[in-house]
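Examining the three-dimensional arrangement
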Protein chains: 2
Amino acid sequence: MSQDKKKLDAITSMEEDFAQWYTDVVIKSDLIGYTSVKGCMAIKPSGYAIWELIQKQLDERFKKTGVENVYMPMFIPESLLEKEKEHVEGFAPEVAWVTHGGMSPLQERLCVRPTSETLFCDFYAKDIESYRDLPKVYNQWCSVVRWEKETRPFLRSREFLWQEGHTAHATAEEAEERTIQMLNVYSDFCEQVLAMPVIKGQKTEKEKFAGAVATYTIEALMHDGKALQSGTSHNFGDGFARAYDVQYTDKENKLQYVHQTSWGVTTRLIGAIIMVHGDDNGLRLPPLVAPTQVMIVPIQQKKDGVLEAADSLCERLSDVARVKVDKTDKSPGFKFAESEMRGIPVRIEIGPRDIQNGECVVVRRDTGSKETVKLDGIEEYIKALLVTIQKDMYEAAKAHRDLHTYEARNWDEFKDIIENRPGFIKAMWCGETECEEHIKEETGASTRCMPFEQESLSDVCVCCGKKAKKMVYFGRAY
Amino acid sequence: MSQDKKKLDAITSMEEDFAQWYTDVVIKSDLIGYTSVKGCMAIKPSGYAIWELIQKQLDERFKKTGVENVYMPMFIPESLLEKEKEHVEGFAPEVAWVTHGGMSPLQERLCVRPTSETLFCDFYAKDIESYRDLPKVYNQWCSVVRWEKETRPFLRSREFLWQEGHTAHATAEEAEERTIQMLNVYSDFCEQVLAMPVIKGQKTEKEKFAGAVATYTIEALMHDGKALQSGTSHNFGDGFARAYDVQYTDKENKLQYVHQTSWGVTTRLIGAIIMVHGDDNGLRLPPLVAPTQVMIVPIQQKKDGVLEAADSLCERLSDVARVKVDKTDKSPGFKFAESEMRGIPVRIEIGPRDIQNGECVVVRRDTGSKETVKLDGIEEYIKALLVTIQKDMYEAAKAHRDLHTYEARNWDEFKDIIENRPGFIKAMWCGETECEEHIKEETGASTRCMPFEQESLSDVCVCCGKKAKKMVYFGRAY
């Protein structure tokens, strides 16, 4: 975008129109560009660098648990997709179909993968023979396609980037263990790296993945009080194994079906970062996913020694942070606003007077607080500050989430909350899909999950008044 | 693959049948698996880990030159593909077409990207306004699809992984400079990381990329004497900019077309590693792209203290190398063969007697040489050894390449060499496509490149006898 165009006009405020605020942030912080391909976005350097930081840190966590990366084809022959009945019913309505290769029609049409369970099953059926080949704990980083009608950058697009793990195990217990293990990897990652608290729990029958025995989820609360499903982990039991004939010979030389799992997170996490941490000045990035952590803005940069001092400070800080100097010919005020819009966690201002005093001014993006700091020992100061910001951003997000989590003990309370206080609603539920559907219809709120940490708010279902089975998190969701 | 199946029968020898040898190595070293998707392969953990090492080291080199990563959609609307005439003619015959989204036919069909010049142009046309926005030096790591009729793992498959850089510059000079700069990044990378010498040069008019003004290439010689195009860098001039209307306002506020480049390498490089370095015992990986650099094989591992000693050695070496202990219940002999098949650069044997003597046995995969080494100081020894192996493998590959590079001064010599001595042929050429085509028809040899390092072998074209313009590398190629 050109300088002239980049006026950095104020963005729409969150209060006024949250959806417009989101779009403004995504565009003005230069994360994406629109393309001529309907429903698909171009992820620009500032956006993709966040994804690279997510990939790197999540991949390291995966590998520590024994995950190995692979790459499967992006196409699924129609006959292969159709083998697992629930799965194909869930996905067929939203896949893109390849019907021609070069000038010729294909004998069998291929769908562009919406997810790769079927391909991994096909692969495992050939690759697994005996118990010695188990477990298989494979993952791939790739893009998938789902033909969505309405799209929004990062939250819902026809093509998106993700990772999908697919595992095969000898026993049901081991598969369940891996399913929960990966959910925990996700929740730790969200809390420790994205500074985003999540609720861990199980999806209801209605909301679970097509073909799964159990789907577990992490649910986060956005700033507008809507929920965002941020990652899921599925236990398939031996359902896919039976459909795709994935068998192994056990120690007694008997044929057994494997037990499988899959789990994934997507570029949607970038949308979550924006909507959990952003404010009316733009993006706010937790330091661990900030491509630039510190932006140095020289003041009166044409004066002797200012740029040199900025460069030397940058050099000194480069061991403890990802740091840059903004040397463009924009005004300092413009640079401040731009650095804020892009969510850079720390801004350092340094001008002739600061240099004379052996100081600089350090401004936090998360709180706006401003401090004059001695250049002597600045490395340690910045290093510690980034840790503090990371922690404080998590605490702030958690406080917001907790403040907007409500309890409904009966239907009137439920309706009152959903209409007046956007957020999570904890409520008791009888376990019937009927009630779930009724609640959704009446209020727009869906079951987000049955949290692992159950509480007993009352004995009866918030909707039908019959005996309650589970406490559930409800919410309107993205 | 199961233990029982994994007999590690000898593979076909290179001499006997090079193509079969290649297939055997790819399968038995566990790099890929076949899939039910015709022409597409599954890249298994051992293969993908090589690609990850290539990605990491190449990406670092890119970023040092100012490259930023992005992600563009995988689909290209037909109307967008068609804007540059030469380009669409080059690619339309081999693209996959998406015609349906979900249950409905699309209004306009989309091709799955065979390469993304058109998408980057579309993006740049919107994103670039003034000279201040230039240069754009973007890259993406993704997969692309070309509907090949005959496929071979890594060398030619319907879907493959690659990186594609796409840049936009204010001047023709700058674009040419970037084109050459990236070619040099590739050649340095191939030589320093893949231990593979390459010839740098320019493609002829006939062989250049569809839509390019000039295509530069790095060409490597495989063990069977065939050439492999290993990376290309294209200068587009302002041809694409004119077709896609990518303009900027210069300092005088005049509208100008940008000048563009693109450059890419693919998973084909893994094929190159196999065919440059492999031998009749399997793969040989240069240390810098070996996912496991050192395999420790315990001897008489059931004896007291052996596994402990192996583990402790592994722990000590883990700071200087990617190291593993093979603790499976296979025999040492089987483990040796397996480690060789997978190309692991160094094997360490350690048994009760070695432990008693404070020693271990170190075996090099590249030369087969075997040495008894004191455990005291083993870290430094292994660290230095990996550097030596990396260097020696390059020297060996270069010696082989040089030995199989011939000069032909006339047509009889050319025919004699091509029939009896597989390798590169250096010969003079008049510059006419006719001669190029004639040579290809008669001998199967194509022009690989007009090398930057020109020599004057004679004054006349090796084919027609007319005045020579360039020295060219010819060869039969993959």
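Structure shown above.
Reference entry: report on the structure contained in this document. Because the structure is predicted, anything quoted here is derived from the model rather than measured.

What counts and what doesn't
Here the residue numbering is sequential within each chain, running from 1 through the sequence in written order. Chain letters and ligand numbers both follow the written order, the letters beginning at A and the numbers at 1. For a predicted model such as this one, the threshold for reporting local features is a pLDDT of at least 70, and the threshold for listing and counting side-chain atom pairs is 80 or more; totals across whole chains, interfaces and linings nevertheless cover every residue. Note that water and hydrogens are dropped before the side-chain values are worked out from all heavy atoms of the structure. Counting from the N terminus, the helices are the DSSP runs of H or I reaching at least four residues and the strands are the DSSP runs of E reaching at least two. For this measure, only C-alpha atoms enter the radius of gyration; the expected value for a globule follows 2.2 Å times N^0.38, where N is the number of residues. Between buried and exposed lies partly exposed: a residue is buried under 20% and exposed over 50% of the maximum accessible area for its type, with that area taken using a 1.4 Å probe on protein chains only. Using a 1.4 Å probe, accessible areas were evaluated by the Shrake-Rupley method; residue-level cover was limited to the displayed protein chains. Salt bridge, as used here, is a side-chain nitrogen of Lys or Arg placed within 4 Å of a carboxyl oxygen of Asp or Glu. By convention in this document, the label disulfide applies to cysteine sulfur atom pairs within 2.5 Å. Two strands are said to pair when DSSP picks up at least two bridges between them. We call two residues in contact whenever any of their non-hydrogen atoms come within 4.5 Å of each other. Buried area adds together the accessible area that both of two parts lose upon being put together, with accessible area traced by a 1.4 Å probe. For the purposes of these results, a polar contact is taken to be a pair of N or O atoms within 3.5 Å, where, inside protein, one atom must be able to donate a hydrogen and its partner to accept one; residues adjacent in sequence count only when each atom of the pair is a side-chain atom. Residues are sorted three ways: Asp, Glu, Lys and Arg are charged, Ala, Val, Leu, Ile, Met, Phe, Trp, Tyr, Cys and Pro are nonpolar, and all the rest, Gly among them, are polar.

1. Details of the overall build of chain A
Summing up its helical and strand segments, chain A has 14 helices and 23 strands in all. Relative to a compact globule of 478 residues, whose C-alpha radius of gyration would be 23 Å, chain A shows 25 Å and is just as compact. Along the first, second and third principal axes, the C-alpha atoms of chain A reach 80 × 60 × 45 Å. For chain A, the proportion of its 478 residues judged to be buried stands at 59%. Taken as a whole, chain A presents about 19,400 Å² of accessible surface, with 46% of it coming from carbon and sulfur.

2. Digging into the pattern of salt bridges
Applying the stated criterion across every chain yields a total of 64 salt bridges over all chains. One salt bridge in this structure joins A:Arg156 and A:Glu148, with 3.6 Å as the shortest N-O distance. With a shortest N-O distance of 3.5 Å, B:Lys85 and B:Glu89 are connected by a salt bridge. Linking B:Lys85 with B:Glu89, this pair stays in helix 4 (residues 85-91), spanning four residues, or about one helical turn. What you see here is one network of salt bridges that share partners, running through A:Asp30, A:Lys44, A:Arg342, B:Asp127 and B:Lys136.

3. Things to note about the state of the cysteines
Residue and element names in this part refer to chain B. This structure, assessed with the given rule, holds zero disulfides over all chains. Here Cys449 is not disulfide-linked; the sulfur of Cys190 is the nearest cysteine sulfur, at 13 Å. Note on Cys463: no disulfide assigned, nearest cysteine sulfur contributed by Cys435 at a separation of 3.8 Å.

4. A closer look at the pairing of strand 23 (residues 470-475) of chain B
Residues and elements named next belong to chain B. The element strand 23 is extensively covered by neighbouring structure, given that five of its six residues are classed as buried. Bridge count between strand 22 (residues 446-451) and strand 23: three bridges; the pairing is antiparallel. Across the sheet, Thr447 pairs through a bridge with Phe474, a residue of strand 23.

5. Things to note about the interface of chain B and chain A
Of the residues lining the interface, 60 residues belong to chain B; the matching set on chain A comes to 60 residues. Per-residue buried area on chain B facing chain A is highest for B:Pro45, B:Tyr71 and B:Trp147; these three make up 12% of the total on that side. On inspection of chain B and its partner chain A, the count reaches four salt bridges. Across the salt bridge formed by B:Lys44 and A:Asp127, the nearest N and O atoms sit 2.9 Å from each other. Summed over the shared surface of chain B and chain A, the result is 25 residue pairs in polar contact (both at pLDDT 80 or more). Considering only residue class, the side of chain B that touches chain A consists of 32 nonpolar, 12 polar and 16 charged. The pairing of strand 5 (residues 96-101) of chain A with strand 5 (residues 96-101) of chain B spans five bridges and is antiparallel. Each residue of the ladder has a partner; that of A:Ala96, found in strand 5 of chain B, is B:Gly101.

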